[in-house]
Amino acid sequence: MRAALLIAVLVAAVGCGASQGSPGSASGSTAGTELTISFWPEGRGTGTPTKWALRCDPAGGSLPRAAAACTRLYGLAKPFAPMRKDLVCTEQYGGPQQAVISGSFKGSRVWSLVAMRNGCEISRAKRLSFLVPGFSSAARS
């Protein structure tokens, strides 16, 4: 009887410890980040996109400076949240460049179109330019 009770207590203790948000767990802040970045310099539908991959924890993939990108990405609040429908954006055109960032971020599925069609989108493209090397030169101008 004591042995069964001891086993039950040990199983419960191990189970509680596993849910504390270790780095590899689904509740941890770095869980499940794997992104594919597709970039079209002349806009979607115009040729084959350049693609990069980013994986965090551990950092890797084909995106240059993956570890720095992961650190910067985790420092942003809601980097892939859709833009609000009621935003008033300046009527300016930053160019035809477009990117799609898709995959998972902290365990949640994401799909985000990043473009340069108006002031709001240009601002977002600048904010995420570290993920899209093709935007880097356009975002600086």
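Look above for the structure.
On a predicted model such as this, the values are computed, not experimentally measured, just so you know.

What follows concerns the packing of aromatic side chains. Given two aromatic rings, one states the distance between the centres and the angle between the planes to describe the pair. Enumeration over the complete set of coordinates arrives at three aromatic pairs. With centroids separated by 6.5 Å and ring planes inclined at 45°, the aromatic side chains of F39 and W52 adopt a geometry described as tilted. Separated by 13 residues along the polypeptide, F39 in strand β1 (residues 33-40) and W52 in strand β2 (residues 50-56) bring together distant segments of the chain. A single burial state applies to F39 and to W52, both of which are buried.

A word on the sheet that holds β2. If you trace the four strands from one edge of the open sheet to the other, you get β2-β1-β3-β4, paired in antiparallel fashion. The open sheet is flanked by β2 and β4 (108-115), the only strands paired with a single partner. Strand-to-strand twist across the sheet, computed as the mean angle between neighbouring axes with direction ignored, equals 15°. Bridge count for strand β3 (residues 98-105) against β4 is eight bridges, and the pairing is antiparallel. Residue V100 lies in a different strand from β4, and its bridge partner there is L113. Each of β1, β2 and β3 touches helix α2 (residues 66-74); the most contacted strand, β2, lies at about 70° to it.

Once that is clear, we can look at the state of the cysteines. Under the defined criterion, the tally for this structure stands at two disulfides. Across a sulfur-sulfur distance of 1.9 Å, C56 and C70 are joined as a disulfide pair. Because the sign of the S-S torsion sets the handedness, a value of about -90° for the bond joining C56 and C70 places this disulfide among the left-handed ones. Note that C56 is positioned in strand β2 and C70 in helix α2, a separation of 14 residues in sequence. Shown here for the protein is a disulfide pattern of 1-2, 3-4, where each number marks a bonded cysteine counted in sequence order.

Rules and cut-offs
- Residues numbered from 1 in each chain as written.
- Predicted model: local features only at pLDDT ≥ 70, side-chain atom pairs only at ≥ 80, totals over all residues.
- Heavy atoms only, no water.
- Phe/Tyr/Trp six-rings, centres within 6.5 Å; stacked < 30°, edge-to-face > 60°.
- Helix = DSSP H or I, 4+ residues; strand = E, 2+ residues; numbered from the N terminus.
- Buried < 20%, exposed > 50% of the residue type's maximum accessible area, 1.4 Å probe, protein only.
- Pairing = 2+ DSSP bridges.
- Axes fitted to C-alpha atoms, helices over the stretch in contact; angles between N-to-C directions.
- Contact = heavy atoms within 4.5 Å.
- Disulfide = S-S within 2.5 Å.

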